[in-house]
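The primary structure of each chain is shown beneath.
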Amino acid sequence: MRSLVEKVLRKIGDGSTVPFAVRFAGGGEYRNRDAAPVFTFVFHSPRAYWRIAAFGHIGLLEAYFAGELDVEGSLAKALAAGIESKADWGPNPLNWVRNRWHELTHSNAARGQARDNANFHYALSPEFYKLWLDDPLMLYTCAYWKDGVRTLEEAQRAKCDHVARKLLLKAGEEVVDVGSGFGGFMLHAHEHYGVKVTAINTTGSQAEHARREIEKRRLGASLQMHGDFRDAGREFDKVASIGCLEHAGRGQLGEVIRAHASYLKQGGLGLLHFIGHVGHYDTSLFIRKYVFPGGWIPSPADVIVEMEKCGLEVLAVENMRRHY
């Protein structure tokens, strides 16, 4: 099994300009370049070889998670070497089965599972997110880098304003913010556009952070919090959904869009911002298992079909990929 893994690692080494080394369990070393290695794979257990043989690059990552393999030196360069050499190694039947099973068992159809899926990714301490999100809005979607914008904080405020302009927000309107995160758009829209916002967030720690901000700013009369997107139960002038739809899952895409549609008053205006594929693809096993359980990245076509089923009219589409 080691010989098979060694062959794979040599293929990575040949395809990458990053100099690295490999130390195998039981002895032996491989280097892909004469230069000093910037990182070294250190195998501690033959079990890592079996993981890699069975599950390819995901097996390598899972061996690292399990402590059967260490990376000495630059982890960033190790990831760069994998990307440069295209080390995803193509289709893997076992990973395909695991991926389908995970999608089936982590569906968002049940509210409890939907809450667990959201908490898996988002329920880390807000203090962790403060280390790398903008301050103080803590927006967890792409910023908007219009001309003249230089800092992350400026770009995220520009994103809020971009959304507000698309929604034609007017003072006194009632807005629902679906998947509201730490409440950044909700607070910005209230402060700068004078709207009344109802926020919907399944993740308790994020919702609690937003509640504290509401209390600190004494905005309780204008802002409200609800737990599940299926709970709002009334109509609004405007609907904002920023970075929520990709969490719905393949089976719940239509349900989530129907919920969005049900929030809109007759003649109301809504905005759906989501990560999408150009074309139709499965979400990878690694993303589904370790990043966004229950999630699925749809194509714009998938979303528009479901919108049309709900009687929604698409007024404009914008690709913001270059702002990521």
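Treat the numbers as computed from the prediction; the structure is a model and nothing was measured.

### Considering the pairing of strand β6 (residues 196-200)
Consideration 1: In terms of burial, β6 is a largely internal element, four of the five residues being buried.
Consideration 2: Where strand β5 (residues 174-178) and β6 come together, five bridges link them in parallel fashion. Bridge pairing in β6 links V178 to I200.
Consideration 3: Of the crossover connections in this fold, the one passing from β5 over helix α8 (residues 184-193) to the parallel β6 is right-handed.

### Let's talk about the sheet that holds strand β1 (residues 20-23)
Consideration 1: Pairing within the open sheet is mixed, and its four strands lie in the order β2-β1-β3-β4. Each edge of the open sheet carries a strand with a single partner, namely β2 (29-31) and β4 (69-73). Strand-to-strand twist in this sheet, taken as the mean axis angle between neighbours without regard to direction, amounts to 15°.
Consideration 2: As paired elements, strand β3 (residues 39-43) and β4 share five bridges and run antiparallel to each other.

### Digging into helix α7 (residues 152-167)
Consideration 1: For α7, which comprises 16 residues, the first-to-last C-alpha distance of 23 Å matches the rise-based estimate of 22 Å (1.5 Å per residue) to within 8%.
Consideration 2: Three or more residues of α7 are buried, namely A155, Q156, A158, K159, C160, H162, V163, A164 and L167.
Consideration 3: The inward-facing, buried residues of α7 abut α8, β8 (236-242) and β9 (264-273).
Consideration 4: Looking one or two places after α7, you find L168, whose phi comes out positive at around 55°.

### Section: the pattern of salt bridges
Side-chain pairs of opposite charge can arise where the charged atoms are in close proximity.
Consideration 1: Scanning the model with the defined rule gives 21 salt bridges in all.
Consideration 2: Note that R23 and E72 form a salt bridge whose closest N and O atoms lie 3.2 Å from each other. With R23 in strand β1 and E72 in strand β4, this residue pair connects regions lying 49 residues apart in the sequence.
Consideration 3: The shortest N-O distance in the salt bridge between R234 and E174 comes to 3.3 Å. Of this pair, R234 sits in the loop between β7 (223-226) and β8 while E174 sits in strand β5; the two residues are 60 residues apart in sequence, bridging distant segments of the chain.
Consideration 4: Overlapping salt bridges, with partners in common, bring together R100, E103, R250, D282 and R288 in one network.

### What to know about the packing of helix α1 (residues 2-15) against helix α2 (residues 47-65)
Each pair of packed helices can be summarised by the angle the axes make with each other and by the distance between the axes.
Consideration 1: Running from N to C, α1 and α2 cross one another at 25°; their axes reach a closest spacing of 8 Å. Of the possible angle classes, the one that applies to α1 and α2 is roughly parallel. Contacts from R2, L4, V5 and L9 of α1 reach α2 at Y49, I52, A53 and L60.

### Some points on the environment of D282
Consideration 1: Checked against the element boundaries, D282 lands in the loop between β9 and α11 (285-291).
Consideration 2: Along the primary structure D282 and R33 are separated by 249 residues, whereas in three dimensions their C-alpha atoms are 36 Å apart.
Consideration 3: A polar contact of 3.5 Å, which involves the side chain of D282, links it to the side chain of R100.
Consideration 4: At 2.6 Å, the side chain of D282 forms a polar contact with the side chain of R250.

### With respect to the state of the cysteines
Consideration 1: Here the structure, examined in full by the defined rule, presents zero disulfides.
Consideration 2: Lacking any disulfide linkage, C160 is separated from the closest cysteine sulfur, that of C142, by 11 Å.
Consideration 3: Unpaired in this structure, C244 has its nearest cysteine sulfur neighbour in C310, at a distance of 15 Å.

### So, the environment of K265
Consideration 1: Examined against the element boundaries, K265 turns out to sit in strand β9.
Consideration 2: In this structure the C-alpha to C-alpha distance between K265 and N99, which are 166 residues apart in sequence, comes to 39 Å.
Consideration 3: Looking at K265, its side chain comes within polar contact range of the side chain of D237, at 3.2 Å.

### Some thoughts on the packing of aromatic side chains
Consideration 1: With the rule as written, the count across this model stands at 19 aromatic pairs.
Consideration 2: Taken together, a centroid distance of 6.2 Å and an interplanar angle of 70° make the contact between F20 and Y30 edge-to-face. Pair noted here: F20 is in strand β1 and Y30 is in strand β2, with a separation of ten residues, a long-range link. Like Y30, F20 is buried.
Consideration 3: Ring centres 6.3 Å apart and planes at 90° place the aromatic pair F236 and Y263 in the edge-to-face group. Of this pair, F236 sits in strand β8 while Y263 sits in helix α10 (residues 253-263); the two residues are 27 residues apart in sequence, bridging distant segments of the chain.
Consideration 4: By relative accessible area, which is 2% here, Y263 ends up buried.
Consideration 5: Linked through ring pairs, Y122, F128, Y129, W132, Y140 and F182 together constitute an aromatic cluster.
Consideration 6: The residue whose ring lies beneath R98 is F55, and the NZ or CZ to ring-centre distance is 4.4 Å.

Rules and cut-offs
Residues numbered from 1 in each chain as written. Predicted model: local features only at pLDDT ≥ 70, side-chain atom pairs only at ≥ 80, totals over all residues. Heavy atoms only, no water. Buried < 20%, exposed > 50% of the residue type's maximum accessible area, 1.4 Å probe, protein only. Helix = DSSP H or I, 4+ residues; strand = E, 2+ residues; numbered from the N terminus. Pairing = 2+ DSSP bridges. Right-handed = clockwise from strand over helix to strand, strands pointing away. Axes fitted to C-alpha atoms, helices over the stretch in contact; angles between N-to-C directions. Expected span 1.5 Å × (residues − 1). Contact = heavy atoms within 4.5 Å. Salt bridge = Lys/Arg side-chain N within 4 Å of Asp/Glu carboxyl O. Parallel < 35°, antiparallel > 145°, perpendicular 65-115°, else oblique. Polar contact = N/O pair within 3.5 Å; in protein donor to acceptor, adjacent residues only side chain to side chain. Disulfide = S-S within 2.5 Å. Phe/Tyr/Trp six-rings, centres within 6.5 Å; stacked < 30°, edge-to-face > 60°. Lys NZ or Arg CZ within 6 Å of the ring centre and 35° of its normal.

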